[in-house]
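Here are the chains, one letter per residue:
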Amino acid sequence: DFYCRNQLIAKAFGQLFASKGGFHVEPQLSSCATVVREKLGGLEKNGEKLKENDTLNYLESDQQASRRVPQKFIPDYRKKISLRFIPNFSEISAGNDGYHLLIKKNYEVTQYSDRMGYRLSGESVRTNFTGIISQGVSAGAIQIPKDGQPIVLMKDRQTMGGYPLAGGVAKVDLPLLAQSLPGPK
């Protein structure tokens, strides 16, 4: 038997679940994670998200209840955030106009965001390029695809990218973005 102990692993219908003793989950590739894009993990090992009436078995724990974090220290993940932006002024960047759009306009996180990249929606950033020679990309890099809607690359990003880069989000601000919910910000 394999148990994922003390991990927050279940998210369904906007609710997060945790079990002090851990959930009883069959691992896949030595992990209890679910990766929808790769069809890995999940209750049926097919990468599907939890659905209504799915059941997670958990382990009882005789540990004392932990202390609660005071409400004033619990972040409101629905609120508007500001991210520090490091521009890319190379010859294959989004250019000065793109730079000004990204620092002056508001963008929303879309429902198409995941651990690979956070897709944003707002005023289109136009570049003189539809693609560039592939180059290495880092976490926080902001790619501008053909539709002009920025993509901020996250932890599970690809290692190479062929879209023009507008710049990057400061590494210290990536957790703020990672905890943002889709919708107006």
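Further up the page is the structure itself.
The structure presented is a predicted model; accordingly, all values stated were derived computationally and were not measured.

The rules we used
Residues numbered from 1 in each chain as written. Predicted model: local features only at pLDDT ≥ 70, side-chain atom pairs only at ≥ 80, totals over all residues. Heavy atoms only, no water. Helix = DSSP H or I, 4+ residues; strand = E, 2+ residues; numbered from the N terminus. Buried < 20%, exposed > 50% of the residue type's maximum accessible area, 1.4 Å probe, protein only. Contact = heavy atoms within 4.5 Å. Areas by Shrake-Rupley, 256 points an atom, 1.4 Å probe, with all protein chains shown as cover. Core = buried A, V, L, I, M, F, W, Y, C linked by side-chain atoms within 4.5 Å. Pairing = 2+ DSSP bridges. Patch = residues over 30% accessible without salt bridge, like charges linked within 9 Å, V, L, I, M, F, W, Y side chains within 5 Å. Salt bridge = Lys/Arg side-chain N within 4 Å of Asp/Glu carboxyl O.

S.K.: Give a description of the overall build of the chain that names residues and reports values.
M.R.: A tally of regular secondary structure across the chain gives two helices and 13 strands. In the chain, which comprises 185 residues, the proportion classed as buried is 30%. A separation threshold of at least 6 residues defines the contact pool for the chain, and within that pool the share at least 24 residues apart is 56%. Element-wise, carbon and sulfur atoms account for 50% of the exposed surface of the chain, whose accessible area totals about 13000 Å².

S.K.: Pulling in residues and values, what's your account of unusual backbone geometry?
M.R.: For Lys 45, which is not glycine, the phi torsion reads 60° and is therefore positive. Relative to the helices and strands, Lys 45 resides in the loop between β4 (23-24) and β5 (57-58). Even without glycine at this site, Asn 53 takes up a positive phi of about 75°. Of note, Asn 53 is situated in the loop between β4 and β5. The class of Asn 53 is exposed, set by a relative accessible area of 71%.

S.K.: Give a detailed account of the side chain of Thr 110, specifying residues and quantitative values.
M.R.: Relative to the elements of secondary structure, Thr 110 occurs in the loop between β7 (108-109) and β8 (117-121). Exposure remark for Thr 110: the relative accessible area of 16% places this residue in the buried category. Those residues in contact with Thr 110 that sit more than four places away from it in its chain are Arg 119, Leu 120, Ser 121 and Pro 182.

S.K.: Which residues make up the nonpolar core, and what values go with them?
M.R.: Leu 102, Tyr 107, Val 125, Ile 142, Val 152, Met 154 and Leu 177 are the most contacted members of the largest nonpolar core, which has 16 residues in total. Val 137, Ala 141, Leu 153 and Leu 165 belong to the second-largest nonpolar core, a separate cluster that totals five residues.

S.K.: Explain the pairing of strand β13 (residues 165-169) to me, using residue names and the numbers behind them.
M.R.: β13 sits mainly inside the fold: five of its five residues count as buried. Bridging between strand β6 (residues 85-87) and β13 involves three bridges; their strand directions are antiparallel. Note on β13: the bridge partner recorded for Ile 86 is Gly 168. Relative to β13, strand β10 (residues 141-143) runs antiparallel, the two being bridged by three bridges. Bridge pairing in β13 places Ile 142 opposite Gly 167.

S.K.: Describe the pairing of β8, listing the residues and the values that go with them.
M.R.: In terms of strand pairing, β7 meets β8 through two bridges, oriented antiparallel. From the neighbouring strand, Val 109 faces β8, where its bridge partner is Leu 120. Relative to strand β11 (residues 151-153), β8 runs antiparallel, the two sharing three bridges. Residue pairing for β11: Tyr 118 is matched across the bridge by Val 152.

S.K.: How would you explain a nonpolar patch on the surface if you had to name every residue and give the values?
M.R.: Side chains of Val 69, Phe 73 and Ile 74 sit close together on the surface and give an oily, nonpolar patch of about 300 Å² of accessible area. Relative to the helices and strands, Phe 73 resides in the loop between β5 and β6. By relative accessible area, Phe 73 is classed as exposed at 55%.

S.K.: Report on the pattern of salt bridges, specifying residues and quantitative values.
M.R.: A complete count under the given rule lists five salt bridges for this structure. For Glu 48, the salt bridge identified is with Lys 51, shortest N-O distance 3.5 Å. The class for Lys 51 is partly exposed, based on a relative accessible area of 43%. Between Arg 115 and Asp 156 there is a salt bridge, with the nearest N and O atoms lying 2.9 Å from each other. Of this pair, Arg 115 sits in the loop between β7 and β8 while Asp 156 sits in the loop between β11 and β12 (160-161), placing them 41 residues apart in sequence.

Read these as spatial facts, not as claims about activity.
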